[in-house]
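What follows is the residue order along each chain.
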Amino acid sequence: MKHLLGIRELTVNQITHLLDTAQSFLDISKREIKKVPALRGRTVINLFFEPSTRTRTSFEIAAKRLSADAVNISISTSSVSKGETLLDTARNLEAMAPDCIVIRHSSAGAPHHLARACSASIVNAGDGAHEHPTQALLDALTIRERKGHIEGLKVAIIGDILHSRVARSNIYLLSKLGATISVAGPGTLVPHEFADLIEQGVRIEPRIEGAIEAADVVIILRIQRERQTDAFFPSMREYAVHYGLHLNHLSFAAPDAIVMHPGPMNRGIEISSEIADGGRSLILDQVTNGVAVRMAVLYLLAGGSARSENGTNRSQKSKNASPGSNPSAREGERTRGSSPTNRGPQRRSADGVEEGSPLGVVARDGSITKERRERTRNTKPETRN
């Protein structure tokens, strides 16, 4: 996989592989030292033409936890504000040899445009009302983490479906993994032909209660006021009354139903504070899982598992190796890329400390235990007969 431009193009196996890789990265955020050298020497550029807090910060943290160099560019500080085209911006960035460009743009298809012009891997961080693939992936990871599976679940998506890239990506992904999707919102924001445009089998409900009925997962969407050119509903107050999620609505859902929101939230309009801060809400879990998902995306696209230190494909290097080349060096190269955390084969001593680091012993939090280090220094090698 060279780029991540959308969910619709991905296969079930690719989606599952991304989620499994993200699952392996969750542990890194719980360590005292939250960094691994998987992408050391790689450069990731975050090119954001729209405001963002969670997504941009999440990508930056993800790159830095993989030891990549992260560069942030916003529209206010880019040459686009001086009249430069997106393609010229991309070509100038390409001349600096980045490994990955993460782009958010108000125009649908902008990441695809960059993918045709750049040799770097392109990640779609949201393009207009088209798609937001990493949000759908982190939502799926959050659901799978809580429910244990996605297949067979009933998912209700409530709100501004028409302008939501999150809704589109989630419908593509969750339906691919076997979930049943119901959507609800004002008639002007959920046209009936929408189901045919997205995926067959998406059910449109005229009322929020019908969509939430027996739902295992309830996803609330933000009202996309910046993309609404017309008056799609009379007032925010009326929207809150008829399509905002309140405590009484959860009585229609499954007893163990969970509530999610991609953020930012409009409290009291899209969702009540009692639900947003309640025990069923996984909104902050989504933010946590977002870092792991974006680490997985950057790791897989920027070549963490497929390239060597200088960017050459390892399998190609192995084929081109001369008969007299050092086999131990090749073995060491394979070991360095054996896992996303690049910690090599994991061994655990009797006192619960992980071994296999250059200094011999590393605790779970990344610190070196003094007693074990001294014991390692003073231990004499066994004499072989």
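Residues numbered from 1 in each chain as written. Predicted model: local features only at pLDDT ≥ 70, side-chain atom pairs only at ≥ 80, totals over all residues. Heavy atoms only, no water.

1. Re helix α2 (residues 54–65)
Reasoning step 1: Between the first and last C-alpha of α2 there are 16 Å, a value that for 12 residues agrees with the 16 Å anticipated at 1.5 Å per step.
Reasoning step 2: Against β1 (43–48), β2 (69–74), β3 (100–105), β4 (121–127), α5 (133–147) and α11 (283–301) lie the buried residues of α2.
Reasoning step 3: Note on α2: the residue one or two positions beyond its end, S67, has a positive phi of about 70 degrees. (Helix = DSSP H or I, 4+ residues; strand = E, 2+ residues; numbered from the N terminus. Expected span 1.5 Å × (residues − 1). Contact = heavy atoms within 4.5 Å.)

2. Describing the sheet that holds strand β5 (residues 154–158)
Paired through backbone hydrogen bonds, the strands of a sheet run either parallel or antiparallel to each other.
Reasoning step 1: Read from one edge to the other, the open sheet built from 5 strands follows the order β7-β6-β5-β8-β9, with strand pairing classed as parallel. The sheet is open, and its two borders are formed by β7 (203–205) and β9 (258–260), each paired with just one other strand. Neighbour-to-neighbour, the strand axes of this sheet turn through a mean angle of 20 degrees, independent of strand direction.
Reasoning step 2: Direction of pairing for β5 relative to strand β8 (residues 217–220): parallel, over a ladder of 4 bridges. Within β8, the position partnered with A156 by the bridge is V218. (Pairing = 2+ DSSP bridges. Axes fitted to C-alpha atoms, helices over the stretch in contact; angles between N-to-C directions.)

3. Concerning the nonpolar core
When a protein is soluble and globular, its nonpolar side chains tend to lie buried together.
Reasoning step 1: Within the largest apolar cluster, 67 residues are counted, with the highest numbers of intra-cluster contacts made by L137, I157 and L298.
Reasoning step 2: Counting residues per element, this core draws most heavily on α11, which supplies 10 residues.
Reasoning step 3: Not counting chain neighbours up to four residues away, the residues in contact with L298 comprise L39, V44, F59, A62, A63, L66, C100, V102 and G303.
Reasoning step 4: Listed in part, the 19 residues of the second largest apolar core include A211, I212, A257 and I275. (Core = buried A, V, L, I, M, F, W, Y, C linked by side-chain atoms within 4.5 Å. Buried < 20%, exposed > 50% of the residue type's maximum accessible area, 1.4 Å probe, protein only.)

All quantities given are derived from atomic positions and should not be read as evidence of function.
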